[in-house]
Amino acid sequence: MIKNFVSTVTLDNSQAMKLIHLAESIKAQAGDPNIRKLLEHKTVANVFYEDSTRTRVSFELAGKRLGADVINFSSKGSSVSKGETFFDTIATLDAMAVDAFVLRSPESGAAEKLIDSKTTSATVINAGDGTNEHPTQALLDALTIREKFSLGANQDFTGLNVLITGDIKHSRVARSNAHLLSNLGAKVTLCAPVALLPETADRTDLVLTSDFDDALATKPDVVMMLRVQTERMTESLMPTREQYVSGYQLSAERAARLASHAIVMHPGPMIRELEIASIVADGNQSAIRQQVTNGVYARMAVLFSAIAQKDSIDG
Ligand code: NCD
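Right, let's walk through the structure included here. (Residues numbered from 1 in each chain as written. Predicted model: local features only at pLDDT ≥ 70, side-chain atom pairs only at ≥ 80, totals over all residues. Heavy atoms only, no water.)

### Section: the overall build of the protein chain
Here comes step 1: A tally of helices and strands in the protein chain yields 11 helices and 9 strands.
Here comes step 2: Principal-axis analysis of the C-alpha atoms gives the protein chain an extent of 55 × 45 × 35 Å.
Here comes step 3: When burial is assessed residue by residue, the protein chain has 54% of its 315 residues classed as buried.
Here comes step 4: Counting every atom, the protein chain has about 13,400 Å² of accessible surface; 52% of that belongs to carbon and sulfur.
Here comes step 5: Of the side-chain charges in the protein chain, 32 are positive and 37 negative, and the distance between the mean point of each set is 4 Å. (Helix = DSSP H or I, 4+ residues; strand = E, 2+ residues; numbered from the N terminus. Buried < 20%, exposed > 50% of the residue type's maximum accessible area, 1.4 Å probe, protein only. Areas by Shrake-Rupley, 256 points an atom, 1.4 Å probe, with all protein chains shown as cover. Lys, Arg positive; Asp, Glu negative; His and termini not counted. Charge placed at Lys NZ, Arg CZ, Asp CG, Glu CD.)

### Regarding helix α4 (residues 110-117)
Here comes step 1: For α4, the full list of buried residues reads Ala110, Ala111 and Leu114. Angularly, the buried residues of α4 cover 100° about the axis, an arc narrow enough to put them on a single face.
Here comes step 2: Its buried side turned inward, α4 meets α3 (86-94), β3 (100-105) and β4 (123-129).
Here comes step 3: Just downstream of α4 lies Lys118, where phi reads positive at about 60°. (Arc of directions from axis to C-beta. Contact = heavy atoms within 4.5 Å.)

### Here's the deal with the packing of aromatic side chains
Here comes step 1: Scanning the entire structure with this criterion turns up 4 aromatic pairs.
Here comes step 2: Aromatic pair Tyr49 and Phe73: ring centres 6.1 Å apart, planes at 50°, arrangement tilted. With Tyr49 in the loop between β1 (43-48) and α2 (54-65) and Phe73 in strand β2 (residues 69-74), this pair connects stretches of sequence that are 24 residues apart.
Here comes step 3: Summarising the aromatic geometry, the rings of Tyr244 and Tyr248 are spaced 5.5 Å apart at their centres and angled 35° between planes, so their arrangement reads as tilted. Of this pair, Tyr244 and Tyr248 are both found in helix α8 (residues 241-248), 4 residues apart, which corresponds to roughly one turn of the helix. Tyr248 matches Tyr244 in its accessibility class, with the two residues each being buried.
Here comes step 4: One aromatic cluster is present, formed by Tyr49, Phe73, Phe86 and Phe87 through successive ring pairs. (Phe/Tyr/Trp six-rings, centres within 6.5 Å; stacked < 30°, edge-to-face > 60°.)

### Focus: the packing of helix α5 (residues 135-148) against helix α6 (residues 172-183)
Here comes step 1: For the pair α5 and α6, the least separation of the axes is 8 Å and the interaxial angle reads 55°. Taken together, the axes of α5 and α6 are oblique relative to one another. With respect to the hand of their crossing, α5 and α6 are arranged in right-handed fashion. Across the interface between the two elements, Pro135, Gln137, Ala138, Leu139, Asp141, Ala142 and Ile145 of α5 pack against Val173, Ser176, Asn177, Leu180 and Leu181 of α6.
Here comes step 2: When grouped by side-chain class, the residues that make up the contact of α5 with α6 number 8 nonpolar, 3 polar and 1 charged. (Axes fitted to C-alpha atoms, helices over the stretch in contact; angles between N-to-C directions. Parallel < 35°, antiparallel > 145°, perpendicular 65-115°, else oblique. Left-handed = near helix turned anticlockwise from the far one by under 90°. Nonpolar A, V, L, I, M, F, W, Y, C, P; charged D, E, K, R; others polar.)

### Examining the packing of helix α1 (residues 13-28) against α5
Any two packed helices are characterised by how steeply their axes cross, that is the angle between the axes, and by the distance between the axes.
Here comes step 1: At a minimum axis separation of 10 Å, α1 and α5 run at an interaxial angle of 65°. Considering their axes alone, α1 and α5 lie roughly perpendicular with respect to each other. Classified by chirality, the crossing of α5 by α1 is right-handed. Contacts from Ala16, Met17, Leu19, Ile20, His21, Ala23, Glu24 and Lys27 in α1 reach Leu139, Ala142, Leu143, Arg146 and Glu147 in α5.
Here comes step 2: Its residues assigned to classes, the contact of α1 with α5 comprises 8 nonpolar, 1 polar and 4 charged.

### What to know about the site of the ligand
Here comes step 1: Taken together, Thr55, Arg104, His134, Gln137, Arg172, Val173, Arg227, Pro267, Gly268 and Pro269 make up the full set of residues adjacent to the ligand.
Here comes step 2: In this structure, Arg227 approaches the ligand through a side-chain N or O atom, which is 2.7 Å from an oxygen atom.
Here comes step 3: For the ligand, the protein covers 93% of the area, taking 320 Å² as the surface of the free molecule.
Here comes step 4: Mapping the shell around the ligand onto the domain boundaries places at least three of its residues in each of domain 1 (13-134 + 293-307) and domain 2 (135-288). (Near = heavy atom within 4 Å. Polar contact = N/O pair within 3.5 Å; in protein donor to acceptor, adjacent residues only side chain to side chain. Domains from an automatic or database assignment.)

### Observations concerning the pairing of β3
Here comes step 1: Within β3, 6 of the 6 residues are buried, which leaves the element mostly enclosed by the surrounding structure.
Here comes step 2: What you see with β3 is no split at all: Ala100, Val102 and Arg104 on one side and Phe101, Leu103 and Ser105 on the other are buried throughout.
Here comes step 3: As paired elements, β1 and β3 share 5 bridges and run parallel to each other. Looking at the pairing, Ala45 lines up with Phe101 of β3.
Here comes step 4: Pairing between β3 and β4: 5 bridges, direction parallel. Looking at the pairing, Leu103 lines up with Asn126 of β4. (Pairing = 2+ DSSP bridges.)

Right, here's the structure in full:
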């Protein structure tokens, strides 16, 4: 189905739906001991050049629950501090027979660059590259939306109004979701203070706005909040904390204006009381915990599908 998984821009709808259906079927059979045999004798290397809680643990559990051997490489505490280059590090791990690299990097385009370099012929999965993409996050979000709205097997997201709010400019989560959810038929609006909004949208079907209250008035079915990523800001773009909270926080008062069927999402890590009020994050419209649960199933689908496909290509 897929050999590598680096982007939702290049993922066609039938591939996306196959992965989502596979994740759903793995979730439904989670207790079946045969699931633990699917990637027996395979090795997955999680290579993380950036801090991560959810994504790293989620990929680790996904690999283990499919029966793979999983190694976790983090640039901290490795020979990277002795000057070893990225490609030499990958080549070193590759020489120990790795079937899939799960790569997180602060550099946009890092996963693509690794594939192009031919340093390894193993599967490469993008677990977040700079401000570019985070495709497995988009997949788990799509899976969560499908569950929350009880969508049928052949139903796409047509008619669904999705509002993504926060640091759009630096968000790989926003980019991957904007492409995947729009491709599947959702109307996607991206909302941020002017300084954190891209000058032009990636595609013409996206709506860009800096008015959160106006966007909420369109009665979104899904409100996805994003973290304010101060570590990615090269200049002081941010409004003050007070301005941000007053203009862009999903507060209890704003959440009260949501339709009763609407859901609240956040990829984590959340900065409570900045982009989202605790009472909303923990409230009954929140899908945040379910997103984390589904992350494991989405990543099991990607790992299984990519490694199985690689085997069929390599013969
Ligand atoms: C995000 C990331 O690292 O891209 N988190 C995640 O993977 N769930 C978002 C963020 O860092 O704000």
